[in-house]
Every structure is written in structure tokens, then in C-alpha cells.
Amino acid sequence: MNLYRSKADIESVPGTPILSLKNIKITFGDLTAVNDVSFDIHEREVVGLIGENGAGKSTLLKILAGVYKPNSGTIELAGKSVKFRNPLDSLEAGIGIVHQEQSLFTNLSIAENLEFVGEGKNKSSKIFRFFNWRKARLSAERALEQVGSKLDPRIRVGDLPFIDRQMVEIAKAMKVSTVKVQNPVIILDEPTSLLEVHETDALEREIAKIKEIGSVIFVSHRLDEVMRVCDRIVVLRDGQLVAVKKTSEVTARDLFQLMMGHEKKSEVRSYERRHQGETPKVELRGAGKKGKFSDINLRLVAGEITAIVGTNGSGREEVCKAIYGVDSFDSGSMLVDGKEVRHWSVRTAITQGFGFVPAERKVEGIIGGLSAANNISLIFSDDIKRGLFISPKKNLASAKEWFEEIDIRPRVPSKELEKFSGGNQQKVVLAKWLKSKELSVLILDHPLRGLDPGAAETVNSLIRQAAANETAVLLLGDTMEEVLDIADQIIVMKDGQATGEFDLHVDRPTTLDLLEKMV
Amino acid sequence: MDAQERNEQTRKRALFKSATEPLALVGVIVILSIVFSLSNSRFYGAVNIHTILEQSAIPLILGVGSTLVILIGSIDLSIAGVMGASAMSFVLLTPNTRSPHDHGIVAPIAGILTGAAFGFASGYIMSKFKVPSFVVTLGMWFAGQGFATILYGQTATPYMTNKNVSGWSPRLFAGIPNAFWAAIIVVILGFFILNFSKLGRASMAIGNNEAIAQTAGLKIDRVKISIFTLAGALTGIAGIIGAIQLGSGSPDVGKGSLFVCVPAVVIGGTSLAGGRGGVLRTILGVFLLTILNDGLIVSGVSSNYQSGVAGLILIVAIIFALWSRSDKSGVSK
């Protein structure tokens, strides 16, 4: 195991670090999640933390947040060794975390959310005090101002769009840390994974702001973004530190290689048309839904990947949901295999061979409490039946095959799906549909959301494979690069209207061409 | 659209939603009242209105406690038993057929403290031993019932002898029965605690997401224990009023109250999942149930049919009232 350590490639910076991790190690049972990791963070520095899903990033962050206690190793703040017994200790020490999962109370106002930050550190009887709404509002206004947000603190968090919630999260993390501490460290755990591309600009401005008063640990899967915002980058692989690099001295390609341990496969995509003049699997003719989208024409052909791009609120998600039968159209028509459909529902869609991978994986895509095996066989279970009943043995065996085939880790299909990492959960969701022999249309709503580059690569190759197996794929991508990389057809939507259409067998649009029609 | 405008719009939309949501329930209550008044003019008489107010006092007081408990995502099933325990403690300390001693103000205080003690015990066991409130309070129901039965003993029923005390509940003050005054005070208190105390806001936070509350450093156990103790004290008050209305001490004074109180909270619009709802909404729920119950009796529906009819009307009323806040995802539980 010392193999990696001896290879670890560390570029250090002179001066006393404000936060330093020394030989941190933590094990869960036989699993060593983080092994002998050391790195420093300096004043006013943005440090990127990257690694595949399961590389130990989240565990490391939880150690910094006082959730887990390391088995060995020390954390030093401004040269002094500290022990975090609970999240409060870490908050007080000036480490604020913006979690990957939202950590706001959706039923309360922004003011209350900010007021409850680090609450318990006040003396015991505080809970029996009056809640001073005025004071809470004013202090929230100040906290928001600090991060450059003009939100009204009286608004309920549940009524806010995602990007604004993220701002509140940051204000929250900042607020704790600036109470007492000179040099706060703000940890942003994949803050951009749920944001649309154009929204990340705002976040990058945020980070620049935070940098004026403290340091940042920035965790992200988007390597280009990491390169843009970070001063130095820490790379983890399999729980070990593989490199600490100055951003100015690496390329995204280097980082990918360090993370994965192998080079990125540069598939030269082909623009060859595989199919011609066939009846499309699905065809929309002037389809519309009042207030969401109107007059959409679209053809999903077997073996082709069609992507819709557009900003939030462009109506593209609604189009997908309507095709899958979750929502309905109220004008125009939809044809499946050349026949117009009348009573369309999710149930009929599935029997016709439609599959849907929703964007909100945790809420809509998986049943977290069920085992991975049961999630895979949730919809199509014919192959694992014995008589009238489902054979648990066949179920596990069939799941095992999928685990091998698409490299789902850890190889424990009987484990609850919620305990897998995001990338592996997404593979399970895909397996659920790919399992069907009659899969004819696959609708993917942000399939790469929150996945590390390695997992994204696997998922993309699964999508290509599905298309190669005569499935018509409809894709809503996270980034335009992703879409340009994989799609055969691109439709651009804006405010519920189709504003552009590109056939990649003929056209070679650039990101700019797409953006132009989007906004 | 600039930030100011967007802020305004978001707030207006939220305000409109919160204002219109209870309207459906108000509508149902008005319709029921009209129907009952048409079937018997007595329904609208002063006497019957006093009856309705007096009858709604206990469910209102219990409802406030239950609302708070449900908002933190727990449930208190113990109210029937705890009411019995409080009622017995109270009655035995007022002049009664067993003992003529008048302990004055000590009696109601003892009743309230008994309730608070049971509530504290539930809250403590639940948070320190990590047992679901459902199980703990189910046990506490029987513990309370047992405590009351021991106090009741083998001897004759203790009737209250001080007419001043036993006649307190329906007596009018400023045209409103005393019991209802008590309920009004409790509702105001509950509303105040929920909205203007740290305890109340922390309860909402915990009900919304306990894991987040934990990382925010909220003292979850302390909040939960406080809420259960408070709810217990309110149950104690309800037990005392129950005993006064009965005129005697009985371990069974709270019988059936759970099946009015929890539905009232839920009909009012407080989510059983916690974190959503409020004290004022529960008032509507209580009134709906009390009016339904009273109206059927006044309209002379045969007692054989009363439960059945009440059940049917209730279901229809709830479907109607909840229409406006049906879950967007179409999932019901």
C-alpha cells in the first residue's frame, strides 16, 4: 500500500498553514476509507480536492466537520493540534461546510436558517429565550450582504430556486466562521453539481468573495472548473493522497490521469449516420403544454441520441416528462412507432419499452432503502422468477452480473442502494432499464449529474451502447460539451420554444452556437 | 427582473398560499354550520353555542400540545392515560366525598405537574434511549392509566363536593364559558411559544430535518424533552377540566380524546411528518370535529347512526378541505 505514498507528488507552499492534516487515517470495519493523508491549507487560498467517487473525499470532509473521528493522524489549526468531538467543535474552530446535500430547513425563513447556525454553542438556557425576529432578520441581511446576495431574509427557503439556496448555504457557512475566527475555512462540497452551467459563474464570483476573508476547500467533479477557481489541487485515489499540485502547473488531462490512475480514453466520435428513413420510435408534432412549452417537433430514431439543451425553465424537462407519461400534452400529437397515441401514461410507456432516468436521483431515481439488487429488478423481474415468486437467489445472481458488467462498486448487490456512492447509484438506475430486452426509448434527465469523470465515462459508454442496441435515446445533458460529445441530434429550447435544431451528421455546432440560441 | 422585484414576488406568492390554504376548511365549517342550523334552529341558539365552546375546550388544549409534539415529528399517544392521572391527582386534593380538605390552588398545580411529569418521562425516555415516541407514549398511556387507577383504588368514586369548583367549566365569564377561556389562553400561549420563542422555532427546524438540526448544533434532546413536558402539562390542564366537567375523579376521564385530538391536528393541516403546520390551524380542526359531533346530536340523528354518519361526513369534509394542499407529486400516505 505504500506504493502510492512513495509516489505521491507534493508541491508545498512556504509559510505556516492555517489548517493542516497530518497522516489522517480512518477505517470502517475492514475498509480503509482514508489512508495516511496529509496536506495543508494556507491563508486566503482556494484548494481543490478531487478524486473519483469513493476515493475518500466525503469521508475526509466529514472528519474535518467533526462527524467522523480519525483512527490516527492529527488536524492542526494555525499550528495547534485540535480534536473535533462533534460538528460544533469544528464549526467553532472556523471550519464551515456547505454540504453536497442541502442543509437548510426548507420550512423556515432564510433569517431563521441563519440564526440557528451554531446555535448550541450558546449557553444552555438559550433555547428558552424569545426568538427575536427583528434581530434575526437584520443579522441575516448582513450575512447575505457579505456574500453579495440581495435576498429578502423573510423568504421561506422552500420557496427559493436552487441557486439562491446555495447562496444561503454559503452565507450560513460564512456566518459561523466569521463570528470568532480570524481565518475561516469554507468547504464547498460539490457546490456546482446541481447548478446549470451559466449559474456556476455566480458561484465562482462567490468563491472570489470568500477568498477575501478566508480560505476555501473546493470539491468538484468538473475539472475545468477546479482549474479555474483553485490555487492548488489535492488529488485522492482509493483513500490515498496521490498528488498536491499548483494549478498553474497542471492540465485537466494530468488531473484526470492522477485521479483515475490511467489516461482518459479519447474516443474519436463518429458522425456517421447509422439509420435513415425509418419510422421514428417517437415523434412529436407541434406538441405543447400550456404555460410550459409549445409547438415542439421532435423525432427520436432507433440507434440515435437526441439531446435537448436549454436553461432552467426552458421547458425541456417538461417535454421529457410528457413523453414518458408523467405529465401530459394538451396540444399537438405524439406518435409512437408511427401511430398516434391517445391515452398515454407511465404504465403504457413502460409496456411500450420506454425507460426514464430522472434528474433527482435520490428522490425520483432510486429506492434507497431497498438493496441494489432489488432496485435493478424493480421493473423487469421476469428473468428472476421461479413460478409465481421472485427467487432471491436468481435476483442476486442477475444483479451480480450487472455489477460485473458495468463495474458497480462495492460488489455487494445485497447492500441498500442509499449506501452506494452517487456514480454507482446511477449505474444501478441505468441497469434497471438496460435489463429490459425491449427497451426502445430511453429518456435521460441529467444522467451525469454529480458523477466524477470516471463514472461519467462509464455512464456515457452505457448510453452509447444502448443506442447501438437500437434504442432511441433522449438526453438532457449537464454541460454542452457532454451533449456535443455524444448526441446525433441537438434541439435547443428557450422559454418553451424550440429555437434551433442541429443534425450532427451534417452540422458541427460549437458551444457558442448553442448558447446563442439558448439565451 | 431585479432582486427587489423577485423578492417581492416570491413573498407575495408564499403569503397568498398560506392565506388561502385554511380557507377551504373555514368553508367546510361554515357549510356544516348552515346545514345543521337549517335542520334544527336550536343549533344556532346561545345554549348550544355555549355547549360547543365548552366541548371544544379540552380538544383545543390537547390539540395545542399535540400540534407542538407533531411538529417536531413525534406523536403523543399517552394523553388519555395522562389525563386520568392528572384528573385523579386534582380531584383527590379538592374537597371530595373521600376527603373534605380544601388544598386550594395546590390541587390544580398538582394536576398540571402530574401531566408535566409524565410528559417529561416520555420525552426523556424517547430522546435518551432513542425509542420511537409512538412506542414510549403508548406505554406511558397505560402507565398514566395505572397511576390513576391506583389513586382511584377500591373505594367509592370521589365526587367533588365544592360546587364552586365542580360548576366552574360552564360558568360564563364575559359571555363565554370558563373552560373556553382556559382554551383561549392555552392557544395564545402555544401560538406565542411556537412563533416567538427559540424553543418553537427550533421545534420547526427539528421537525423539518433532524439531521440538519444536529449539524447546526441545536440541542435536540432538550427541545424534544421540553416540548413533551409542555404537552404533558397541557394534558394535565385538560385532565383537570375533564374532571370538573364530570364532577368526579375517574381514571377514564380522557377516554377517546386521542381520537379527537390527533385528527383535529391533522385536519387543521399540520403534517404528521413534522415541520409543517401550526397551532392556529388546529383550532379549525377542533371546531370542525366538535361542530360535527354536536350538530348530529342536535339534529336528532339516531345514536345508532351517529358514528357512521360522522365518519362519512368527516371523510368528505377532509377531501374537500385538503384539496388545496394536495401533494404536487401525487403521493398520499
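Please read these numbers as outputs of a predicted model, since none were measured by experiment.

Thresholds, definitions, all that
Residues numbered from 1 in each chain as written. Chains lettered and ligands numbered in written order. Predicted model: local features only at pLDDT ≥ 70, side-chain atom pairs only at ≥ 80, totals over all residues. Helix = DSSP H or I, 4+ residues; strand = E, 2+ residues; numbered from the N terminus. Rg over C-alpha atoms; globule rule 2.2 N^0.38 Å. Buried ≥ 20, exposed ≤ 12 C-beta atoms within 10 Å, placed from the backbone. Contact = placed C-beta atoms within 7 Å. Nonpolar A, V, L, I, M, F, W, Y, C, P; charged D, E, K, R; others polar. Arc of directions from axis to C-beta. Pairing = 2+ DSSP bridges. Axes fitted to C-alpha atoms, helices over the stretch in contact; angles between N-to-C directions. Expected span 1.5 Å × (residues − 1). Domains from an automatic or database assignment. Core = buried A, V, L, I, M, F, W, Y, C linked by C-beta atoms within 7 Å. Parallel < 35°, antiparallel > 145°, perpendicular 65-115°, else oblique. Left-handed = near helix turned anticlockwise from the far one by under 90°.

Asker: What is the right way to look at the overall build of chain B in this model?
Answerer: Broken down by element type, chain B carries 14 helices and two strands. By the compact-globule yardstick of 20 Å for 333 residues, chain B fits well, its C-alpha radius of gyration being 21 Å. Considered along the principal axes of its C-alpha atoms, chain B spans approximately 75 × 55 × 35 Å. Going through the 333 residues of chain B one by one, you find that 50% of them count as buried.

Asker: Would you take a moment to explain the interface of chain B and chain A for this structure?
Answerer: Accessible area lost when the parts come together is the quantity often used to give the size of an interface. Taken together, the contact between chain B and chain A spans 26 residues of the former and 28 residues of the latter. Elements supplying a minimum of two residues to the side of chain B that touches chain A: α1 (3–20), α9 (198–208), α10 (210–215) and α11 (220–246) of chain B. When residues in the side of chain B that touches chain A are grouped by element, the largest group, eight residues, is from α9 of chain B. The class makeup of the residues in the side of chain B that touches chain A is 11 nonpolar, nine polar and six charged.

Asker: Whenever I open this one, the environment of Gly300 of chain B confuses me. Can you help?
Answerer: When you line up the elements, Gly300 of chain B lands in the loop between α13 (279–298) and α14 (303–322). Spatially, the C-alpha atom of Gly300 of chain B lies 33 Å from that of Pro158 of chain B, the residues being 142 residues apart in sequence.

Asker: I would appreciate a short explanation of helix α9 (residues 252–260) of chain A in the present structure.
Answerer: Side chains that are three or four residues apart share a direction in an α-helix, a result of its 3.6 residues per turn. Residue and element names in this part refer to chain A. What α9 keeps buried is the set Leu255, Leu258 and Met259. Looking straight down α9, one finds its buried side chains confined to an arc of 95°; they lie on one side. For α9, the elements touching its buried residues are β4 (46–50), α8 (223–229), β10 (232–237), β11 (240–246) and α16 (453–468). Backbone geometry just downstream of α9 places Gly261 in the positive-phi region, at approximately 85°.

Asker: Any chance you could explain the sheet that holds strand β23 (residues 497–503) of chain A here in plain terms?
Answerer: In any sheet, the strands associate via hydrogen bonds between backbone groups, in a parallel or an antiparallel arrangement. All names here are of chain A. Here we have six strands laid out as an open sheet, ordered β17-β20-β21-β14-β22-β23, and mixed in their pairing. Each edge of the sheet is formed by a strand with only one pairing partner; in this case those strands are β17 (354–357) and β23. Mean inter-strand twist for the sheet, computed between neighbouring axes without regard to direction, equals 15°. Where β17 and strand β20 (residues 441–445) come together, four bridges link them in parallel fashion.

Asker: How should I be thinking about helix α5 (residues 133–146) of chain A in this particular structure?
Answerer: Residues and elements named next belong to chain A. In this model α5 runs 20 Å from its N-terminal to its C-terminal C-alpha over 14 residues, within 8% of the 20 Å that 1.5 Å per residue would give. Every buried residue of α5 is accounted for by Ala136, Ala140, Ala143 and Leu144. The buried residues of α5 occupy an angular sector of 95° when the element is viewed end-on, so they sit on one face. Along α5, the residues that are exposed and aim more than 90 degrees away from the buried face are Arg134, Lys135 and Glu145.

Asker: Even after reading the chapter, I still don't get the packing of helix α8 (residues 178–196) of chain B against α13 of chain B, so can you show me in this structure?
Answerer: Two quantities define a packed helix pair, namely the angle between the axes and the distance from one axis to the other. Residues and elements named next belong to chain B. Between α8 and α13, the shortest axis-to-axis distance is 9 Å and the interhelical angle comes to 145°. Counting all contacts with α8, which are made through Val187, Gly190, Phe191 and Leu194, the residues of α13 involved are Val279, Leu280 and Ile283. Residue composition of the contact of α8 with α13, by class: six nonpolar, one polar and no charged.

Asker: Would you explain the domain arrangement of chain A in this entry?
Answerer: Residues and elements named next belong to chain A. Per the domain assignment, the segments making up chain A are domain 1 (2–105 + 162–260) and domain 2 (282–518). A separation of 32 Å is found between the C-alpha centroids of domain 1 and domain 2. Taken residue by residue, the interface counts 14 residues in domain 1 and 16 residues in domain 2. Counting residues per element, the ones that place at least two in the side of domain 1 that touches domain 2 are α7 (197–213) and α9. Of all the elements, α9 adds the most residues to the side of domain 1 that touches domain 2, at three residues. Here the residues of the side of domain 1 that touches domain 2 sort into six nonpolar, five polar and three charged.

Asker: Would you mind showing me how to read the nonpolar core here?
Answerer: Looking at soluble globular proteins, one finds that nonpolar side chains tend to be buried together. Membership of the largest hydrophobic core comes to 167 residues, with the highest contact counts inside it found for Ile187, Phe218 and Val235 of chain A together with Ile61, Leu234, Ile237 and Leu288 of chain B. Per element, the largest residue contribution to this core is 14 residues, and it comes from α11 of chain B. Contacts of Val235 of chain A, omitting those with residues within four sequence positions, involve Ile50, Gly51, Val242, Ala243, Leu255, Leu258 and Met259 of chain A. Of all hydrophobic cores here, the second largest spans 72 residues; its members include Val319, Leu444, Ala467 and Ala472 of chain A.

Asker: Sorry if this is basic, but what is going on with the sheet that holds strand β15 (residues 331–336) of chain A here?
Answerer: Residues and elements named next belong to chain A. A sheet is described by the order of its strands in space; here four strands give the open sequence β13-β12-β15-β16, paired in antiparallel fashion. Strands with a single pairing partner mark the edges of an open sheet, and in this sheet they are β13 (293–300) and β16 (339–340). Taken together, the five bridges between strand β12 (residues 282–289) and β13 define a ladder with antiparallel strand orientation. The residue bridging Ala287 from the neighbouring strand is Ile296, located in β13.

Asker: Looking at this structure, how should I read the packing of helix α2 (residues 23–39) of chain B against α13 of chain B?
Answerer: All names here are of chain B. Taken N-terminus to C-terminus, the directions of α2 and α13 make an angle of 15°; their axes are 10 Å apart at the nearest point. By the angle between their axes, α2 is roughly parallel relative to α13. As for how α2 packs across α13, the hand of that crossing is left-handed. Every residue of α13 that contacts α2 at Leu25, Val26, Val28, Ile29, Leu32, Ser33 and Phe36 is listed here: Leu284, Phe287, Leu288, Ile291, Leu292, Gly295 and Val298.

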